[in-house]
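# Remarks on the overall topology
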Amino acid sequence: MSLPHALLTSLLEKPSSGLELTQRFSKSIGYFWQASHQQIYRELVRLEKAGWVQSTADEGARGRKRTYEVLPEGKAELKRWIALPSEHKNLRDEMMVRVRAAAVVGPKGLTKGIEERLESHRKQLALYKAIRKKDFEGKKETRTVALQRRILEVGIEYERLYVAFCEDVLKELA
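Note that the coordinates shown come from a computational prediction; the quantities given were computed from them, not determined experimentally. (Residues numbered from 1 in each chain as written. Predicted model: local features only at pLDDT ≥ 70, side-chain atom pairs only at ≥ 80, totals over all residues. Heavy atoms only, no water.)

### Thoughts on the overall build of the protein
The number of helices and strands found in the protein is seven helices and three strands. When the helices and strands of the protein are listed from N to C terminus, the series reads α-β-α-α-β-β-α-α-α-α. A globule of 174 residues ought to have a C-alpha radius of gyration of about 16 Å, yet the protein, at 20 Å, is considerably larger. Along the longest, intermediate and shortest principal axes, the C-alpha atoms of the protein span 60 × 40 × 35 Å. In the protein, buried positions account for 29% of the 174 residues. Sequence-distant contacts, at least 24 apart, represent 57% of the contacts inside the protein between residues at least 6 apart. (Helix = DSSP H or I, 4+ residues; strand = E, 2+ residues; numbered from the N terminus. Rg over C-alpha atoms; globule rule 2.2 N^0.38 Å. Buried < 20%, exposed > 50% of the residue type's maximum accessible area, 1.4 Å probe, protein only. Contact = heavy atoms within 4.5 Å.)

### Describing the layout of surface pockets
Taken as a whole, the second largest pocket spans an internal volume of roughly 200 Å³. Taken together, Ser17, Gly18, Leu19, Tyr41, Arg64, Lys65, Arg66 and Tyr68 form the lining of the second largest pocket. Elements with a contribution of two residues or more to the lining of the second largest pocket: helix H2 (18-26) and strand S3 (66-70). A breakdown of the residues in the lining of the second largest pocket according to their chemical character gives three nonpolar, two polar and three charged. (1 Å grid on protein atoms, 1.4 Å probe; cavity = no way out; pocket = protein on both sides within 12 Å on 5 of 7 lines; lining within 4 Å. Points joined across faces, edges and corners; volume = space filled by probe spheres on them. Nonpolar A, V, L, I, M, F, W, Y, C, P; charged D, E, K, R; others polar.)

### Points about the pattern of salt bridges
Under the criterion given, the structure shown has eleven salt bridges. Among the ionic pairs, Arg46 bridges to Glu43, the shortest N-O distance being 2.8 Å. With Arg46 and Glu43 both in helix H3 (residues 37-49) and three residues apart, the pair spans about one turn of that helix. Arg149 is the partner of Glu141 in a salt bridge, and the nearest nitrogen-oxygen pair spans 2.9 Å. Classification of Glu141 by relative accessible area gives partly exposed; the value is 42%. We classify Arg149 as partly exposed; its relative accessible area is 26%. (Salt bridge = Lys/Arg side-chain N within 4 Å of Asp/Glu carboxyl O.)

### Brief notes about the pairing of S3
Sheet topology note: the strand S1 (residues 16-17)/S3 ladder contains two bridges and is antiparallel. Note on S3: the bridge partner recorded for Ser17 is Thr67. With five bridges joining them, strand S2 (residues 53-57) and S3 adopt antiparallel strand pairing. The residue of S3 that forms the bridge with Thr56 is Thr67. (Pairing = 2+ DSSP bridges.)

Next up, the structure:
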């Protein structure tokens, strides 16, 4: 995946200033594709130079606040990118290697790390469930809403799976 395409998607959902985009990004796409605000601002400059977005100065705003919106060329690029095959990447998780290593050298010290990871995944699961309740319950199920909800459901299932994994490992270590 590429950051430019994530930003084009977010801007098509709602034209935004750089700050608004950064805040919205961290509460949506940022759950599965992280980017710092510096990366987002640098990418907005590149997108504008490429002719995929345009920015306009916000009247009455202090400083250099600009609102970005996607141009037809940017929408065409996003459509082109969507049609490309997506590379499958295998799971790469250090915790899995630690558990495997503990199987051969002993689990000394591993329990604390598993407990911390378990707590982290429980919190993320609770957050995703709260988002589902707030953003999707009772909402008309358009194609856009259905696809956005489906992405969230994958996140929920991932967190459920990781919580169960951590609980099972802790049982084995006890």
